[in-house]
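Report on the structure
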Amino acid sequence: MDRRHTDREYEGELETLRERVLLMGARVEEMLSLAMRSYLERSVELAQSTIELDTHIDQLELEIDELALQILARRQPVASDLRFITTTLKLVTDLERIGDLGVNICERVTELGADRSQNPHDQIARMADAAQGMVHDALDAFVAGDAVKANQVIDRDKTVDVYYAQLFPELLPRMMSDPGVVFESTRLLSIGKCLERLADHATNIAEMVVFMVKGQDVRHSGPGSHG
Amino acid sequence: MNAGPQGMTSRPTSKNASRSDSATGEEASKARWDEVSVSTLVPKMRTEGLRAYFGQAEVLKGISLPIAEKQVTAVIGPSGCGKSTFVRCLNRMHEVVPGARATGQVLLDTQDIYHSEVDPVRVRRRVGMVFQKPNPFPTMSIRDNVLAGLRLNGERPDDPDAVVEKMLHRVALWDEVKDILGRAGTGLSGGQQQRLCIARSLALEPEVLLMDEPCSALDPIATARVEELIHELRKAYTIVIVTHNMQQAARVANFTAFFYLGKLIEHDRTDVIFTRPKEQRTEDYITGRFG
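What counts as what
- Residues numbered from 1 in each chain as written.
- Chains lettered and ligands numbered in written order.
- Predicted model: local features only at pLDDT ≥ 70, side-chain atom pairs only at ≥ 80, totals over all residues.
- Helix = DSSP H or I, 4+ residues; strand = E, 2+ residues; numbered from the N terminus.
- Buried ≥ 20, exposed ≤ 12 C-beta atoms within 10 Å, placed from the backbone.
- Contact = placed C-beta atoms within 7 Å.
- Expected span 1.5 Å × (residues − 1).
- Pairing = 2+ DSSP bridges.
- Nonpolar A, V, L, I, M, F, W, Y, C, P; charged D, E, K, R; others polar.
- pLDDT = per-residue confidence, 0-100.
- Core = buried A, V, L, I, M, F, W, Y, C linked by C-beta atoms within 7 Å.
- Axes fitted to C-alpha atoms, helices over the stretch in contact; angles between N-to-C directions.
- Parallel < 35°, antiparallel > 145°, perpendicular 65-115°, else oblique.

Each helix and strand in chain B was counted, giving eleven helices and ten strands. Classification of the 291 residues of chain B by burial places 42% in the buried group. Pairs at least 24 residues apart make up 68% of the contacts formed inside chain B by residues separated by at least 6 positions.

Spelled out as structure tokens, the structure:
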């Protein structure tokens, strides 16, 4: 059955909003991917050029907020449309913060410099894969209106938290035995923290997708819920 | 003072936000969101398997719906869904049309108003009605319009002036008309005329007030006044409002019933209907996806 609005202009406005959110999501994913590549390749140049992408992401946030506000004011949306627009308004905030965390990762990479003698840290690579996967799947769930997938993303946050919890105990003995690695290790911890926060933002997005699809607010409902 | 964003002059700090403030805030929020649910509401009226006909055409196809006491219930749905017929069945106005009839039960408290021994005139005293177009009696003054319902029912109040003042106060019209009570009711603005008609209905001291598109002929300011009045009136009366304006239903009603093709599709708290309706047809209608 055709679920389009009788008013085609309204339908078009909602479609534009959805497209802009997807574009912002794609930009954020691209940025994360480049930020992690800059770490893995220890490329300061790539880190610095990646930081510049944040301006586009911020711009999209403003544009999406404006569009959503216009629709709220002019259309007085209800039910699934209202849930979609309120989700959008919150989702862009998380996306923008993910972008900021991408910037933070690039700044740490810049501080680490182009020393390729150190191998990329395994735990950081695992965390990055898991967190990026969460962002990707949360956005996929948003596009598909898939609450099951969104719930799976929410469950995966625990894994990233465990990886992060293992990072400090692993780096601490190295820092104690060799003060020469303290600088690098603190940067790695900082990158780890960014990835852990990034997974939290992906979780927020997934929680909003569940609300958008089912009208159920699942935030702060689990025993380990936070943020 | 308006406590909304316009009226807020400072934000609470840890110094001025006491424990009692926060408890009051919690209670206020509880009162707002934990209103009676559709399954636990106390009905003032209830229809059971209500069917209504115009000749052979069945326009209501078995409606079972409780009307919550001292709450506002909105009936929404596309043209021809039977919503006006439904409210006209609630005070036996439907049968006034030649060839129209209804079957099933309509309970007012515990009494079936369609029982053969029930006098429809008495039903209409207990269940008043306000129509789409303000219809003050054109030859009557404002004062006589308020008293018209009582007089038509053969009543002579001891102090008619007191009744007029009380009813005009109740519809927030007194200050606007107190010096022109002898003038024709039809000389008032549309919004004032509608409030005058509500006063005329209230003079009969009904328990339920039916409103069939009461604001569709009014401008936004007059509409806001009538809606404000509905908020006030629900403290004392059970109100059923039929409206094409879904934002109006969202603004004034505690419960909303969605009708389609003579059937009740969904009945729930208004906040539920407008944020997460359970039925796809409700969703399609309120979001404007009805083909």
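Moving on: helix α5 (residues 122-144) of chain A. Residue and element names in this part refer to chain A. Along its 23 residues, α5 runs 33 Å from first to last C-alpha, staying within 8% of the 33 Å computed at 1.5 Å per residue. Turning to α5, its buried residues number three or more, namely I124, M127, A128, A130, A131, Q132, M134, V135, A138, L139, A141 and F142. Turning to α5, the residues buried within the fold contact α1 (8-40), α4 (79-112), α6 (147-177) and α7 (182-214). Remark: G145 follows α5 within two positions and exhibits a positive phi of approximately 60 degrees.

Next up on the list: the sheet that holds strand β5 (residues 111-112) of chain B. All names here are of chain B. Strands sit in the order β2-β1-β4-β5 across an open sheet of four strands; the sheet is antiparallel. Across the chains shown, the open sheet's two edge strands, defined by having one partner strand only, are β2 (57-68) and β5. Inspection of the sheet shows strand β4 (residues 100-108) paired to β5 by two bridges, in the antiparallel sense. From the neighbouring strand, L108 faces β5, where its bridge partner is Q111.

Across the contact, 15 residues belong to chain A and twelve residues belong to chain B. The residue inventory of the side of chain A that touches chain B, partitioned by class, reads four nonpolar, five polar and six charged.

What follows deals with the confidence of the model for chain B. All names here are of chain B. Averaged over chain B, the pLDDT score is 89; the fraction of residues at 70 or greater is 87%. Residue range residues 14-26 is modelled with pLDDT below 50. Its contacts to residues more than four positions away, or to other chains, number two contacts. Confidence drops under a pLDDT of 50 for residues 28-33, and excluding neighbours within four residues, the segment shows zero contacts in the predicted structure. Model confidence for the complex is summarised by a pTM of 0.84, with the ipTM given as 0.78.

To continue, consider the pairing of strand β9 (residues 255-260) of chain B. All names here are of chain B. Of all six residues in β9, six are buried, a share of seventy percent or more. Bridge analysis of β9 against strand β10 (residues 263-269) gives six bridges, and the strand direction is antiparallel. By the bridge assignment, Y260 is partnered in β10 with K263. Here β9 folds back onto β10 in antiparallel fashion, the turn holding two residues, of which L261 has a positive phi close to 50 degrees.

Here we come to the environment of B:P120. Relative to the helices and strands, B:P120 is located in helix α3 (residues 120-126). In the structure, B:P120 is positioned 94 residues away from B:P214 in sequence and 23 Å away in space, judged by C-alpha atoms.

What follows covers the nonpolar core. Ranked by size, the top nonpolar core spans 137 residues in total, and within it A:A131, A:V135, A:A138, A:A202, A:A206, A:V209 and B:A199 carry the most contacts. Looking at this core element by element, the count peaks at 15 residues for α7(A). Dropping the residues within four chain positions of it, A:V135 is found in contact with A:V28, A:E29, A:L32, A:I98, A:L198 and A:A202.

Here the focus is the packing of helix α3 (residues 54-75) of chain A against α4(A). All names here are of chain A. Two elements in contact, α3 and α4, have axes separated by 10 Å at closest approach and are oriented at 170 degrees. Viewed along their axes, α3 and α4 adopt a mutual orientation that is roughly antiparallel. For the pair α3 and α4, contact is made by D54, I57, D58, E61, I64, D65, A68, I71 and L72 and by I85, T88, L89, V92, E96, G99, D100, G102 and V103, respectively.

So, on to the sheet that holds strand β3 (residues 72-76) of chain B. All names here are of chain B. One open sheet accounts for six strands, arranged β6-β7-β8-β3-β9-β10; its pairing is mixed. What marks the edges here is a single partner per strand, and that holds for β6 (127-130) and β10. When strand polarity is set aside, the average angle formed by the axes of neighbouring strands in this sheet is 20 degrees. Where β3 lies against strand β8 (residues 238-242), four bridges are found, and the strand directions are parallel. Bridged to A74 within β8 is I241. Docked against the sheet, helix α7 (residues 190-202) engages β6 and β7 (208-212), running at close to 165 degrees with respect to β6.

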